[in-house]
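Structural characterization, general
Residue strings, one per chain:
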Amino acid sequence: MSISPLYTAQGTATGGRNGHATVAESGLDLVLAAPPALGGDGKGSNPEQLFAAGYSACFIGAMQFATTQDESLAKVPAEVSVTANVGIGPKPEGGFGLSVALVVTLPGLDAAQAERIVEAGHKICPYSNAIQGNVEVTTEVQ
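If you're wondering where the values come from, they're calculated on a predicted model, not measured in any experiment.

1. Some details on helix α1 (residues 47-69)
With 23 residues, α1 should cover 33 Å at 1.5 Å per step; its first-to-last C-alpha distance of 32 Å lies within 8% of that length. Restricting attention to buried positions, one finds in α1 the residues Glu48, Ala52, Gly54, Tyr55, Ser56, Phe59, Ile60, Ala62, Met63, Ala66 and Thr67. Capping the start of α1 is the job of one residue whose side-chain oxygen sits 3.0 Å from the backbone nitrogen of Glu48: Asn46.

2. Things to note about a nonpolar patch on the surface
On the surface, Leu38, Ile88, Phe96 and Leu98 cluster together to form a nonpolar patch covering roughly 340 Å² of accessible area. Note on placement: Ile88 falls in strand β4 (residues 81-90).

3. A look at helix α2 (residues 111-124)
Helix length check: α2 (14 residues) gives 20 Å between terminal C-alpha atoms against 20 Å at 1.5 Å per residue, within 8%. Taken as a whole, α2 has its buried residues at Ala114, Ile117, Val118, Ala120 and Gly121. Around the axis of α2, the buried residues are gathered within 165 degrees of arc, so they sit on the same side. Of the exposed residues in α2, those oriented more than 90 degrees away from the buried face are Ala111, Ala112 and Lys123. Among the structural elements, α1, β5 (96-105) and β6 (136-141) are those in contact with the buried residues of α2. Where α2 starts, the residue carrying a side-chain oxygen 3.1 Å from the main-chain nitrogen of Ala112 turns out to be Asp110.

4. Quick word on the layout of surface pockets
By volume, the largest pocket is sized at about 540 Å³. The wall of the largest pocket is formed by 16 residues, among which Tyr7, Ala9, Phe51, Gly54 and Tyr127 lie closest to the centre. If you list the elements that add at least two residues to the lining of the largest pocket, you get α1 and α3 (126-131). In terms of residue count, the dominant contributor to the lining of the largest pocket is α1 (five residues). Of the residues that constitute the lining of the largest pocket, the class distribution is 13 nonpolar, two polar and one charged.

5. Focus: the sheet that holds β6
The three strands are arranged β4-β5-β6 in an open sheet whose pairing can be described as mixed. Both outer strands of the open sheet, β4 and β6, are each paired with one neighbouring strand and no more. The average undirected angle you get between the axes of adjacent strands in this sheet is 15 degrees. Pairing geometry for β4 and β5, over 10 bridges, is antiparallel. Bridge assignment links Thr83 to a residue of β5, and that residue is Val103. Helix-sheet contacts for α1 involve β4, β5 and β6, and the interaxial angle to β4 is about 140 degrees. On the sheet, α2 packs against β5 and β6 and is oriented at approximately 155 degrees with respect to β6.

Conventions we followed
- Residues numbered from 1 in each chain as written.
- Predicted model: local features only at pLDDT ≥ 70, side-chain atom pairs only at ≥ 80, totals over all residues.
- Heavy atoms only, no water.
- Helix = DSSP H or I, 4+ residues; strand = E, 2+ residues; numbered from the N terminus.
- Expected span 1.5 Å × (residues − 1).
- Buried < 20%, exposed > 50% of the residue type's maximum accessible area, 1.4 Å probe, protein only.
- Polar contact = N/O pair within 3.5 Å; in protein donor to acceptor, adjacent residues only side chain to side chain.
- Patch = residues over 30% accessible without salt bridge, like charges linked within 9 Å, V, L, I, M, F, W, Y side chains within 5 Å.
- Areas by Shrake-Rupley, 256 points an atom, 1.4 Å probe, with all protein chains shown as cover.
- Salt bridge = Lys/Arg side-chain N within 4 Å of Asp/Glu carboxyl O.
- Arc of directions from axis to C-beta.
- Contact = heavy atoms within 4.5 Å.
- 1 Å grid on protein atoms, 1.4 Å probe; cavity = no way out; pocket = protein on both sides within 12 Å on 5 of 7 lines; lining within 4 Å.
- Points joined across faces, edges and corners; volume = space filled by probe spheres on them.
- Nonpolar A, V, L, I, M, F, W, Y, C, P; charged D, E, K, R; others polar.
- Pairing = 2+ DSSP bridges.
- Axes fitted to C-alpha atoms, helices over the stretch in contact; angles between N-to-C directions.

In structure tokens, the structure reads:
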């Protein structure tokens, strides 16, 4: 599948999990450190944290966009929040894999409305689409 990008982000890392990452466009400048569970000291950010933050923000945007495409969906409340719990671990066939658990809070909406919005957002979100079939993603609406 090919897309015509509307925007391209550029990040640069040096030194791997115990290194440094920058995004020149925004001024983001991070010390990277592997978490203690992976043998590091945890005194910095790690790729899983960055993925979790990006996925959370993107998923909110996808839900908001979904409501503009389907008038039967309730609007996403301003107090919306998404927490992405990104796990990393060894795969049985070798290498490492990820798991994602999205916890979505849509205050003021009933469970059925919230579930419909989450489902629609999941179909639109580029993070969800990028990892579909490769990463187990669960959603929980609170």
